[in-house]
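As a plain string of letters, each chain reads:
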Amino acid sequence: MLTIIPQLLIGAADLAAAFLFLYGLKRMSSPVTAPSGIFVAGLGMVVAILASFLYAFDVTTEARPFLATNIGLAFVALVVGGGAAWWSGRKVAMTAMPQMVALYNGMGGGAAGAIAAVELFGGKSQGATQLIVTLAGALIGAVSLSGSLIAWGKLDGVINKPLRFKGQQLVNGLVFMATLVVGGYLVFAVEAGAAPLIATPDLIYLFFALALVFGILMTLPIGGADMPVVISVYNAFTGLAVGLEGFVLQNPALMIAGMVVGAAGLLLTLLMAKAMNRSVSNILFTNFGAVTKQKQGDIKGSLKPAAAGDAGIFMRYVKEVIIVPGYGLAVAQGQQKLYEFVKLLQSADVTVKFAIHRVAGRMPGQMDVLLAEAGVPYDLIFQLDDINDEFANADVALVIGANDVVNPAARTDKSSPIFGMPILNADKAKKVFVVKRGEGKGYAGIQNAPFYGDNCDMVYGDAQAVLIKMIEAVRSLGLSAAA
Amino acid sequence: MDFSISISGFVALYIFMLAGFAGWVIIGHVPAILHTPLMSGSNFVHGIVVVGGIFALLNASTTLEQAIGFFAVLLGAGNAAGGYAVTDRMLAMFQTSEHQPAHAKSGRAKALHPKKG
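These lines cover the structure that appears in this document, whether it is placed above or below. A quick note: this is a predicted structure, and the numbers were derived from the prediction, not measured. Per chain, residue numbering runs from 1 following the sequence as it is written. Throughout, the order in which chains and ligands are written sets their labels, letters from A for the former and numbers from 1 for the latter. Reporting of local features is limited, given that this is a predicted model, to residues whose pLDDT is at least 70; pairs of side-chain atoms are given and counted only at 80 or more, and all residues count toward the totals for whole chains, interfaces and linings. Side-chain metrics in this entry use all non-hydrogen atoms of the structure; hydrogen atoms and water are not considered.

## Concerning the packing of helix 4 (residues 97-121) of chain A against helix 3 (residues 49-58) of chain B
Okay, step 1: Close contact between helix 4 of chain A and helix 3 of chain B brings their axes to 9 Å; oriented N to C, the two are set at 30 degrees. Considering the angle they form, helix 4 of chain A stands roughly parallel to helix 3 of chain B. Read as a crossing pair, helix 4 of chain A and helix 3 of chain B show a hand that is left-handed. Residues A:G108, A:A111, A:A112, A:I115 and A:V118 of helix 4 of chain A pack against B:V49, B:G52, B:G53 and B:A56 of helix 3 of chain B.
Okay, step 2: Split into classes, the residues belonging to the contact of helix 4 of chain A with helix 3 of chain B amount to 6 nonpolar, 3 polar and no charged. Fitted lines through C-alpha atoms give the axes, limited to the stretch in contact for helices. The angle between two N-to-C directions lies from 0 to 180 degrees. For helices the rule is a DSSP run of H or I covering at least 4 residues; for strands it is a run of E covering at least 2, with both sets numbered from the N terminus onward. Roughly parallel covers angles under 35 degrees, roughly antiparallel covers those over 145, roughly perpendicular covers 65 to 115, and oblique covers all other angles. Definitions for this section: a left-handed crossing has its near helix turned counterclockwise from the far helix by less than a right angle. A right-handed crossing has that turn clockwise. Contact criterion: two residues are considered in contact whenever any of their non-hydrogen atoms come within 4.5 Å of each other. All residues other than Ala, Val, Leu, Ile, Met, Phe, Trp, Tyr, Cys, Pro, Asp, Glu, Lys and Arg, Gly among them, are scored as polar; the first ten of these are nonpolar and the last four charged.

## Points about the environment of A:L220
Residue and element names in this part refer to chain A.
Okay, step 1: Here L220 shows up in the loop between helix 7 (201-219) and helix 8 (227-248).
Okay, step 2: For the pair L220 and K353, spaced 133 residues apart in the sequence, the C-alpha separation amounts to 37 Å.
Okay, step 3: Apart from residues no more than four positions distant in its own chain, L220 is found in contact with I150, K154, P162 and L163.

## Points about the side chain of A:D395
Okay, step 1: Note on placement: A:D395 falls in the loop between helix 15 (384-387) and strand 4 (396-400).
Okay, step 2: Any N or O atom pair separated by 3.5 Å or less is treated as a polar contact, with the protein-specific requirement of one donor-capable and one acceptor-capable atom, and with residues adjacent in sequence counted only for side-chain atom pairs. Within the structure, A:D395 has its side chain in polar contact with the backbone nitrogen of A:E320 (distance 2.8 Å).

## Regarding the interface of chain A and chain B
Okay, step 1: In this assembly, 114 residues from chain A lie in contact with 95 residues from chain B.
Okay, step 2: Of the roughly 9,400 Å² buried at the junction of chain A and chain B (both faces included), carbon and sulfur atoms supply 77%.
Okay, step 3: Buried area: the accessible surface (1.4 Å probe) lost by two parts on joining, summed over both. Sorting the residues of chain A by area buried against chain B places A:M28, A:I38 and A:Y378 first, and these three jointly supply 6% of that buried surface.
Okay, step 4: Salt bridge, as applied in this entry: a Lys or Arg side-chain nitrogen positioned within 4 Å of an Asp or Glu carboxyl oxygen. Our count for the chain A to chain B interface comes out at 1 salt bridge.
Okay, step 5: Its salt-bridge partner being A:R90, residue B:D88 comes within 3.0 Å of it at the nearest N-O pair.
Okay, step 6: The tally of links from chain A across to chain B stands at 15 residue pairs in polar contact (both at pLDDT 80 or more).
Okay, step 7: Considering each element in turn, the side of chain A that touches chain B owes the most residues, 17 residues, to helix 3 (residues 67-91) of chain A.

## Looking at the packing of helix 6 (residues 168-191) of chain A against helix 7 of chain A
Residues and elements named next belong to chain A.
Okay, step 1: The contact between helix 6 and helix 7 brings their axes to 9 Å, and the two run at 155 degrees. When the axis of helix 6 is compared with that of helix 7, the two are roughly antiparallel. In this structure, helix 6 meets helix 7 at a crossing whose hand is left-handed. Between helix 6 and helix 7, the residues in contact are V171, N172, V175, F176, A178, T179, V182, G183, Y185 and L186 and L203, I204, L206, F207, L210, A211, V213, F214, L217 and M218, respectively.
Okay, step 2: For the contact of helix 6 with helix 7, the per-class residue count stands at 17 nonpolar, 3 polar and no charged.

## Considerations on the pairing of strand 2 (residues 351-356) of chain A
Residue and element names in this part refer to chain A.
Okay, step 1: Buried residues are those whose accessible area, probed at 1.4 Å on protein chains only, stays under 20% of the maximum for their type, while exposed residues exceed 50% and partly exposed ones sit between those limits. Here strand 2 lies mainly inside the structure; 5 of its 6 residues are buried.
Okay, step 2: Whether two strands pair depends on DSSP finding at least two bridges between them. Here strand 1 (residues 320-325) pairs with strand 2 via 4 bridges, running parallel. Its bridge partner being in strand 2, I323 is matched across the sheet by F354.
Okay, step 3: Looking at chain direction, strand 2 and strand 3 (residues 381-383) are connected through 3 bridges and run parallel. Following the sheet pairing, F354 is matched in strand 3 by I381.
Okay, step 4: For a crossover, the right-handed case is the one in which the path from the first strand over the helix to the second runs clockwise, viewed with the strands pointing away from the viewer. In this fold, the crossover linking strand 2 to strand 3 by way of helix 14 (residues 366-374) has right-handed handedness.

## Focus: helix 13 (residues 335-347) of chain A
In an α-helix there are 3.6 residues to a turn, and that puts residues three or four apart on one side.
Okay, step 1: Expected helix span is taken as 1.5 Å per residue step, with the number of steps being one fewer than the number of residues. The terminal C-alpha atoms of helix 13 of chain A, which comprises 13 residues, lie 18 Å apart, in line with the 18 Å expected from a rise of 1.5 Å per residue.
Okay, step 2: Listed as buried for helix 13 of chain A are A:Q335, A:L338, A:Y339, A:F341, A:V342, A:L344, A:L345 and A:Q346.

## Examining the sheet that holds strand 5 (residues 431-436) of chain A
All names here are of chain A.
Okay, step 1: Across the sheet, 6 strands lie side by side as 3-2-1-4-5-6; this open sheet has parallel pairing. Looking at which strands have only one partner, the edges of the open sheet turn out to be strand 3 and strand 6 (456-460). Neighbour to neighbour, the strand axes of the sheet diverge by 25 degrees on average, direction disregarded.
Okay, step 2: Where helix 11 (residues 308-316) meets the sheet, it contacts strand 1, strand 4, strand 5 and strand 6, and its direction lies at approximately 140 degrees from that of strand 5.
Okay, step 3: Sheet strands in contact with helix 14 are strand 1, strand 2 and strand 3, and its direction is about 145 degrees off that of strand 2.

## Some thoughts on the pairing of strand 4 of chain A
Residues and elements named next belong to chain A.
Okay, step 1: Judged by how many residues are buried, strand 4 sits mostly within the fold: 5 of 5 residues are covered.
Okay, step 2: Here 5 bridges tie strand 4 to strand 5, and the two strands are oriented parallel to one another. Pairing of V399 across the sheet is with V434, part of strand 5.

## Digging into the packing of aromatic side chains
Okay, step 1: For Phe, Tyr and Trp, where Trp contributes only its six-membered ring, two rings pair if their centres lie within 6.5 Å, and the inter-plane angle classes them as stacked under 30 degrees, edge-to-face over 60, or tilted in between. Overall, the coordinates contain 11 aromatic pairs over all chains when judged by the stated rule.
Okay, step 2: Taking 5.8 Å as the distance between ring centres and 15 degrees as the angle between the ring planes, the aromatic pair formed by A:W86 and B:Y84 counts as stacked. Separated into two different chains, A:W86 in helix 3 and B:Y84 in helix 4 (residues 63-93) make up a pair that spans both.
Okay, step 3: Linked through ring pairs, A:F21, A:W86, B:F44 and B:Y84 together constitute an aromatic cluster.
Okay, step 4: Over the face of the ring belonging to A:Y317 we find A:R316, whose NZ or CZ atom lies 4.6 Å from the ring centre. A ring has a charge above it when a Lys NZ or an Arg CZ is no more than 6 Å from the ring centre and no more than 35 degrees off the ring normal.

## Re the environment of A:I49
Okay, step 1: Here A:I49 lies in helix 2 (residues 34-52).
Okay, step 2: Discounting chain neighbours no more than four positions away, the residues touching A:I49 are A:L78, B:V50, B:V51 and B:I54.

## What about unusual backbone geometry?
All names here are of chain A.
Okay, step 1: For Q250, which is not a glycine, the phi torsion comes out positive at approximately 60 degrees.
Okay, step 2: Backbone geometry places D349, a non-glycine residue, at a positive phi of 65 degrees.
Okay, step 3: With respect to the helices, strands and loops of the structure, D349 is situated in the loop between helix 13 and strand 2.
Okay, step 4: The class for D349 is exposed, based on a relative accessible area of 62%.

Okay, structure coming up:
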């Protein structure tokens with residue numbers, strides 16, 4: 001029997017945590033208040049974790065002999081798991097952020113699945129509702145775990161190619177159905193009194209195995225360009241699983257936090273899908289990028305290479321430059337040099353703006369973070385809807401390491417895999433410079449007609465190297481003018 | 001006296017519904033520029049699952065349960081700590097005065113962006 005004081009303390013701590021999470025997320029609505037927001041949420045987490053050790057006052061009679069060991073194990077797990085993740089989170093490069101977020105998310109899904117497993121193996125679920133909810137949380141958590149791990153592998157470059165084969169949808173569907181059947185049978189058998197839950201470990205193993213396999217199968221065929229959506233889907237999944245296990249454990253803090261994240265993930269998923277003009281099911285269940293139609297014959301003109309220095313000097317003497325950064329910039333670690341170049345242009349009275357496509361990068365908004373890392377003030381950064389009309393007035397559009405988000409095929413070519421996707425109108429600028437490592441295609445694997453246009457010059461090379469040359473060219477100009 | 005919480009049936013659905021709406025509305029107000037920190041921040045929030053892991057582990061009575069419970073706490077702690085670390089790092093960058101530490105005075109930082117470098 002739990003003494004009343006610890007019980008009240010746990011209740012109060014969890015209530016405080018739920019409030020602090022909501023308040024903390026609320027503060028994320030502006031870059032000014034956001035850092036304090038995550039700090040507030042962090043306080044909530046610390047309070048909840050400390051209070052959770054008070055559960056030790058009310059463990060079940062069977063667990064009592066193990067209590068000392070269990071407390072020790074909990075401490076070790078907290079320190080090891082938390083410490084390792086903290087250390088990795090502190091030192092990971094900003095460009096590698098998406099895979100880290102995917103990894104941490106998978107861990108959350110795994111934790112929810114593991115809680116469900118303890119409940120199931122211990123035969124602790126009472127009643128059909130609780131059993132069904134436990135199983136649902138287990139399924140979603142396990143899918144989130146294995147799916148996030150595959151997403152991590154893809155983003156990290158461990159898994160390079162989307163794995164696709166004929167009849168894949170059918171196989172995935174069968175695995176999913178099999179998982180449901182095993183889960184359904186468990187509920188049925190236990191409720192009919194045929195076997196107590198604790199006597200069915202083989203079925204529970206099978207259930208988890210199928211769920212994990214489904215997560216892997218579901219994620220493998222999804223291409224890299226769709227990863228932002230996938231990360232956000234799995235974030236929502238983990239939230240949902242945590243919320244469901246919160247119900248099983250009768251913990252309202254888990255229910256609230258899980259559901260809030262579930263809603264957040266859903267919202268972000270829909271926003272991303274909208275930015276690509278595709279439905280979520282289309283992203284998850286069809287093979288994007290598999291269509292690599294070569295339509296090169298339709299493109300007129302030729303690629304005109306230009307020297308980096310010339311391009312830099314050109315921009316020095318115009319009124320307005322809009323920069324379209326893409327993942328190529330991040331890969332080349334060129335953000336710092338880019339901002340240096342921007343500051344040079346600004347000091348020569350050139351108006352510089354950044355145009356960011358929502359799907360630039362490997363997770364929603366990643367490009368904003370990379371620019372912030374370089375110190376670019378966020379009032380220079382514009383989203384597609386706010387800046388797209390301005391390209392027509394801009395003297396130069398500088399496209400760095402971005403392909404698909406400026407490809408007008410999305411406007412006109414119905415056969416293009418990105419048809420209908422809102423794109424940045426970089427091609428409408430008076431002059432376009434495209435910084436690119438080579439003549440390769442973008443993530444979607446399609447040709448880019450505007451690169452062949454009359455107003456477009458290609459500056460080949462690694463983004464950072466190119467930017468250094470541009471900076472040097474503009475600097476030398478300034479010096480000779482001063483002399 | 002019994003203070004233990006019992007959430008069942010429709011009460012649970014009420015909580016889920018209200019939390020879902022709260023999440024939707026709160027997140028809907030976050031500007032696109034903050035979507036990456038938001039995602040890792042909400043990722044951090046579901047790290048609260050570690051509390052459930054601790055509950056499960058403390059109540060474990062077989063080696064199998066202990067092992068899975070340990071795993072649950074380990075992963076949950078990783079989720080929470082990692083999520084916090086990356087979110088905090090990212091948000092610190094959005095501050096424009098570079099010499100300022102991560103969240104000291106962050107709420108006060110009114111002088112936002114120096115227009116020109």
